[in-house]
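Structural overview
One letter stands for each residue in the lines below.
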Amino acid sequence: MGAKKNRISSIYIFPVLFFIICLSYLIRFMFFKIETEIVKYDSIENAIRTTALIVRNEPAITLPTGVEISYKASEGERVSSGKKILEVIKNNQTDVNIAIKIKQLNDRINEIKQSDINNNFFSKDKEKIERQINERVGDLKNIAKSGDFKRFDTIKDDLVADLYKKSLIYGEGSFFGKNLEQLQKEKSTLEGIYNNSIDVIYAQTSGVVSHSLDGYEQILSPMNIKDFSLNSIKEIIGTVKSINSSNNKEPINGIKIVDNFLWYTCSLISEDQAKELIIGKKVRLRFNDFENAEVNGEIYEVSASEGDTCLVIIKITEYASKFYSKRIAEMDIIKDYNEGFTVPLKAIVVKDNIKGVYVLRRGMIKFVPVAVMTEDKDRCLVKNLDEESSGLKTGYDPLKVFDEVIITTEKVKENQVLTDKI
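Residues numbered from 1 in each chain as written. Predicted model: local features only at pLDDT ≥ 70, side-chain atom pairs only at ≥ 80, totals over all residues. Heavy atoms only, no water.

1. A closer look at the overall build of the chain
The line we're drawing: Each helix is a run of H or I in the DSSP string that is no shorter than four residues. Each strand is a run of E no shorter than two, and both are numbered from the N terminus. Residue exposure (1.4 Å probe, protein chains only): buried if accessible area is under 20% of the type maximum, exposed if over 50%, otherwise partly exposed. Areas reported here follow the Shrake-Rupley algorithm with a probe of radius 1.4 Å; residue values treat only the protein chains shown as occluding.
Scanning the chain from N- to C-terminus turns up 8 helices and 19 strands. Per-residue burial over the chain gives 41% buried out of 422 residues. In the form shown here, the chain has an accessible surface area of approximately 23,400 Å², with 50% of it arising from carbon and sulfur atoms.

2. Digging into the nonpolar core
Using the following cut-off: The set of buried Ala, Val, Leu, Ile, Met, Phe, Trp, Tyr and Cys residues whose side-chain atoms join them within 4.5 Å is what this entry labels a nonpolar core. Only heavy atoms enter the contact rule, under which two residues are in contact if any of them lie within 4.5 Å.
Judged by nonpolar contacts, the single largest core of 29 residues is most densely connected at Leu53, Phe228 and Cys266. Elements represented by at least two residues in this core include exactly strand E2 (40-56), helix H4 (126-146), helix H5 (152-169), helix H7 (230-245), strand E10 (263-270) and strand E13 (309-316). Non-local contacts of Leu53, meaning those with residues more than four positions away in its chain, are made with Leu220, Ile233, Ile236, Ile237, Tyr264, Thr265, Cys266, Arg327 and Ile328. Counting 26 residues, the second-largest nonpolar core is a separate cluster that includes Val258, Leu285, Ile314 and Ile316.

3. A few points about the sheet that holds strand E7 (residues 200-202)
Counted only if it meets this: For two strands to count as paired, DSSP must find a minimum of two bridges between them. Lines fitted to C-alpha atoms define the axes here, with helix axes fitted over just the stretch in contact, and angles between the N-to-C directions of these axes take values from 0 to 180 degrees.
With antiparallel pairing, the 3 strands of this open sheet are ordered in space as E4-E6-E7. Both outer strands of the open sheet, strand E4 (68-71) and E7, are each paired with one neighbouring strand and no more. Adjacent strand axes in the sheet meet at a mean angle of 25°, parallel and antiparallel pairs treated alike. Where strand E6 (residues 84-89) meets E7, 3 bridges bridge the pair, whose relative direction is antiparallel. Bridging across to E7, Glu87 finds its partner in Val200.

4. Remarks on the pairing of E10
Burial runs high along E10: 6 of the 8 residues are buried. Across 5 bridges, E2 lies against E10 in antiparallel orientation. What sits directly across from Ala52, in E10, is Ser267.

5. A word on the packing of aromatic side chains
The following threshold applies: Two rings from Phe, Tyr or Trp (for Trp, the six-membered ring) form a pair when their centres sit within 6.5 Å of each other. Planes less than 30 degrees apart are called stacked, planes more than 60 degrees apart edge-to-face, and all others tilted.
Applying the stated criterion across every chain yields a total of 8 aromatic pairs. Here Tyr264 and Tyr300 contribute two aromatic rings whose centre-to-centre distance is 5.3 Å and whose plane-to-plane angle is 75°, an arrangement assigned as edge-to-face. Remark: Tyr300 occurs in strand E12 (residues 293-302) and Tyr264 occurs in strand E10; sequence separation between them is 36 residues. A ring pair is formed by Phe287 and Phe290, whose centres lie 5.3 Å apart and whose planes are at 35°; its orientation type is tilted. For the pair Phe287 and Phe290, one class covers both residues: buried. Three or more aromatic residues joined by ring pairs form one cluster here, namely Trp263, Phe287, Phe290, Tyr319, Phe323 and Tyr324.

6. Details of the pattern of salt bridges
Opposite charge on two side chains permits pairing when their charged atoms draw close. We apply this condition: Within this document, salt bridges are pairs made up of a side-chain nitrogen of Lys or Arg and a carboxyl oxygen of Asp or Glu, the two lying within 4 Å of each other.
Scanning the model with the defined rule gives 22 salt bridges in all. A salt bridge links Glu58 to Lys256; the shortest N-O distance between them is 2.9 Å. Here Glu58, found in the loop between E2 and strand E3 (60-62), pairs with Lys256, found in strand E9 (residues 254-258); they are 198 residues apart in sequence, far enough to count as distant. Across the pair, exposure class does not vary: Glu58 and Lys256 are buried alike. Its salt-bridge partner being Glu414, residue Lys351 comes within 1.9 Å of it at the nearest N-O pair. Residue Lys351 is located in strand E15 (residues 348-351), and its partner Glu414 is located in the segment after strand E19 (404-406); the two are separated by 63 residues in the primary sequence.

7. Some details on the sheet that holds E3
Spatially, E3-E9-E8-E5 is the arrangement adopted by the 4 strands of the open sheet, whose pairing is antiparallel. Of all strands in the sheet, those bounded by a partner on one side alone are E3 and strand E5 (78-79).

8. Some words on the pairing of strand E17 (residues 364-376)
Alignment of strand E16 (residues 354-361) against E17, held across 6 bridges, turns out to be antiparallel. Each bridged residue has a counterpart across the sheet, and for Gly356 the counterpart in E17 is Pro369. Counting the residues in the hairpin turn of E16 and E17 gives 2 residues, including Arg362, whose phi is positive at 55°. As paired strands, E17 and strand E18 (residues 379-384) are joined by 6 bridges and run antiparallel to one another.

9. Re the side chain of Asn97
Along the polypeptide, Asn97 turns up in helix H2 (residues 94-117). Each residue touching Asn97, except ones within four places of it in the same chain, is listed here: Pro64, Thr65, Gly66 and Val67.

Purely geometric numbers; function is a separate question.
In structure tokens:
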């Protein structure tokens with residue numbers, strides 16, 4: 001009888017032991033499982049997507065419609081001063097068209113000179129000039145929508161003249177002397193062609209050649225940049241977009257040499273976006289319309305907000321692929337750019353007031369100090385702490401790519417040995 005009871009007990013003992021073993025593994029899995037993640041190297045940028053109005057130093061020579069020309073320098077070619085860039089092919093109609101253009105230039109030059117002398121008169125007529133400028137801009141928008149460009153040159157010239165007057169009213173006659181000089185050079189060139197003394201045009205300065213003239217070469221000049229206002233830039237961006245969207249845009253006859261080392265961008269961004277953009281701040285710019293070219297820039301000016309919008313002007317002293325070919329372009333203002341190790345935010349621990357991560361190395365938990373550069377939801381970008389700058393006295397093995405960081409930090413401690421990880 002006793003032997004039978006022993007046999008029955010032995011039958012139940014193995015299932016019980018098996019259950020206990022399984023339960024212990026289940027408890028260990030549920031309550032003591034250590035989660036890890038492999039460290040990767042990554043980059044994070046803080047960028048603003050916006051539309052940029054390009055401002056360049058680009059002396060231009062415009063020729064009347066009907067004048068046949070032969071380009072001697074190709075679009076985008078870098079030339080030095082004195083390089084042959086354009087040849088005028090004379091015909092019966094050439095002199096007539098050039099004579100008309102010379103008269104238009106002469107009238108505009110005289111108007112600017114008279115404006116400079118009679119500045120006080122114009123200062124009493126601000127509202128009239130503002131109204132005229134708004135009317136010209138409205139006319140250009142209507143032309144862009146209708147596709148009828150017959151009056152485009154006339155209205156554009158009138159707008160330029162009104163903007164000259166407006167600038168003179170606000171006491172900026174000095175820099176307009178430089179614009180006046182450019183007009184006089186243009187007039188002199190045309191007079192030379194008209195008098196048959198020249199039929200070849202040479203570059204007056206070094207830079208990049210462009211055949212794409214849009215009529216804004218004198219208005220959107222670095223010499224005028226201190227007078228740019230939020231509303232005027234907004235109007236110009238709207239007008240240029242309207243003209244570009246029209247399939248009937250007529251090219252302007254002529255050529256220009258673009259300074260390829262100093263140029264500016266003007267952008268309209270929200271007041272909140274502009275908070276971190278202080279004058280002198282270095283930023284990185286990426287232009288989607290210029291083959292994703294990237295250049296360094298410096299914040300030149302940030303206007304006061306108007307209706308939650310700010311005008312931001314950025315100075316650039318680098319060449320960007322095809323920047324000379326467009327007046328407006330989509331641009332990313334990269335305010336901050338960081339490279340480092342990407343780890344889960346839950347992996348960050350604090351030991352002796354120093355942030356760091358627990359790393360599994362040869363089955364042992366090691367603490368590695370790090371500096372957190374950026375945080376994004378549940379992840380962060382970190383870099384190794386410099387021992388001297390951080391005040392660390394004990395040497396630590398730095399964090400490396402493919403290190404295994406601990407995510408369940410509450411289940412481990414420094415120098416703990418995980419036998420199943422050895």
